[in-house]
Amino acid sequence: MSLVRRAGPGDAPEVLRLRQIMIDALPGGDATTHWHAPALPVLRERLAEPDGDFAAFVVDHPGRPGALAALVVGTVDYRIGKASSPLGRSGYVFSVATDPDARRRGYARACMAQLLDWFRERGAGQVLLTASAEAEPLYAALGFVHKPDPTMTLTL
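Below you will find a few notes about this structure. None of these values were measured; they are calculated from a predicted model.

## Some thoughts on helix α3 (residues 107-121)
Link 1 in the chain: For α3, with 15 residues, the first-to-last C-alpha span of 21 Å sits near the 21 Å given by 1.5 Å per residue.
Link 2 in the chain: For α3, the full list of buried residues reads Y107, A108, C111, M112, L115, L116, W118 and F119. Along the axis of α3, the buried positions cluster into a sector of 165°, meaning they face one direction only. Looking at α3, the residues exposed on the side facing more than 90 degrees away from the buried face are R120 and E121.
Link 3 in the chain: On its buried face, α3 sits against β1 (4-6), β2 (54-60), β3 (68-78), β4 (89-98), β5 (126-129) and α4 (136-141).

## Section: the nonpolar core
Link 1 in the chain: Ranked by size, the top nonpolar core spans 24 residues in total, and within it M112 and F119 carry the most contacts.
Link 2 in the chain: Those elements that provide at least two residues to this core are β2, β3, β4, α3 and α4.
Link 3 in the chain: Per-element accounting of this core gives the leading share, eight residues, to α3.
Link 4 in the chain: When near neighbours in sequence (up to four residues on either side) are disregarded, M112 contacts V72, V93, V96, L129, Y139, L142 and F144.
Link 5 in the chain: With 18 residues, the next largest nonpolar core counts L47, A56, V58 and A97 among its residues.

## Brief notes about the sheet that holds β3
Link 1 in the chain: Here five strands make up an open sheet; going across it, the order is β1-β2-β3-β4-β5 and the pairing mixed. Sheet topology places β1 and β5 at the edges, where each strand pairs with a single neighbour. Pairs of neighbouring strands in the sheet enclose a mean axial angle of 25°, with direction left out of account.
Link 2 in the chain: Pairing of β4 with β5, which is carried by four bridges, proceeds in the parallel orientation. What sits directly across from G91, in β5, is V127.
Link 3 in the chain: Each of β1, β2, β3, β4 and β5 is contacted by α3, which is oriented at about 25° to β3, the strand it contacts most.

## Some points on unusual backbone geometry
Link 1 in the chain: Even without being a glycine, R104 presents a positive backbone phi close to 65°.
Link 2 in the chain: Structurally, R104 is set in the loop between β4 and α3.

## Considerations on the packing of aromatic side chains
Link 1 in the chain: Taken as a whole and judged by the stated rule, the model has four aromatic pairs.
Link 2 in the chain: Between F54 and F94 the ring centres are 6.1 Å apart and the planes differ by 35°, which places this aromatic pair in the tilted class. Of this pair, F54 sits in strand β2 while F94 sits in strand β4, and the two are 40 residues apart along the sequence.
Link 3 in the chain: The exposure class assigned to F54 is buried, which follows from its relative accessible area of 10%.

What counts, and at which threshold
Residues numbered from 1 in each chain as written. Predicted model: local features only at pLDDT ≥ 70, side-chain atom pairs only at ≥ 80, totals over all residues. Heavy atoms only, no water. Helix = DSSP H or I, 4+ residues; strand = E, 2+ residues; numbered from the N terminus. Expected span 1.5 Å × (residues − 1). Buried < 20%, exposed > 50% of the residue type's maximum accessible area, 1.4 Å probe, protein only. Arc of directions from axis to C-beta. Contact = heavy atoms within 4.5 Å. Core = buried A, V, L, I, M, F, W, Y, C linked by side-chain atoms within 4.5 Å. Pairing = 2+ DSSP bridges. Axes fitted to C-alpha atoms, helices over the stretch in contact; angles between N-to-C directions. Phe/Tyr/Trp six-rings, centres within 6.5 Å; stacked < 30°, edge-to-face > 60°.

Structure follows, in structure tokens:
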């Protein structure tokens, strides 16, 4: 039996905790947590939608009941189709985090495998993510490659 399960509304506080661990590790990460309180009810709602375009897969922490050891979160969105994705459905992975004391056990890889299956079930023709240097070997092993895409961002 797999250790990975789909996260539910009751997991929302732990999902936020692991997401903050990921944010803290990013270059220029913001360690403030004031956003957790307004984010929590929205996250609970999204985790309660079993057939929506948002999913989180988690592994329970083996040494801390009620805590999560690992997390991956993704969404499916629509972009006009193209040769590699005629239906225009794209998966986007935007949170991958493992509790520091649960690393190097294959939890993130197992969660990613479940998320990739979920994307396939929804007809996603491509999956996008931003990789940290530490996580890049995992994604490369799963088949991800660099794009020569000059991505830019604007915060509104």
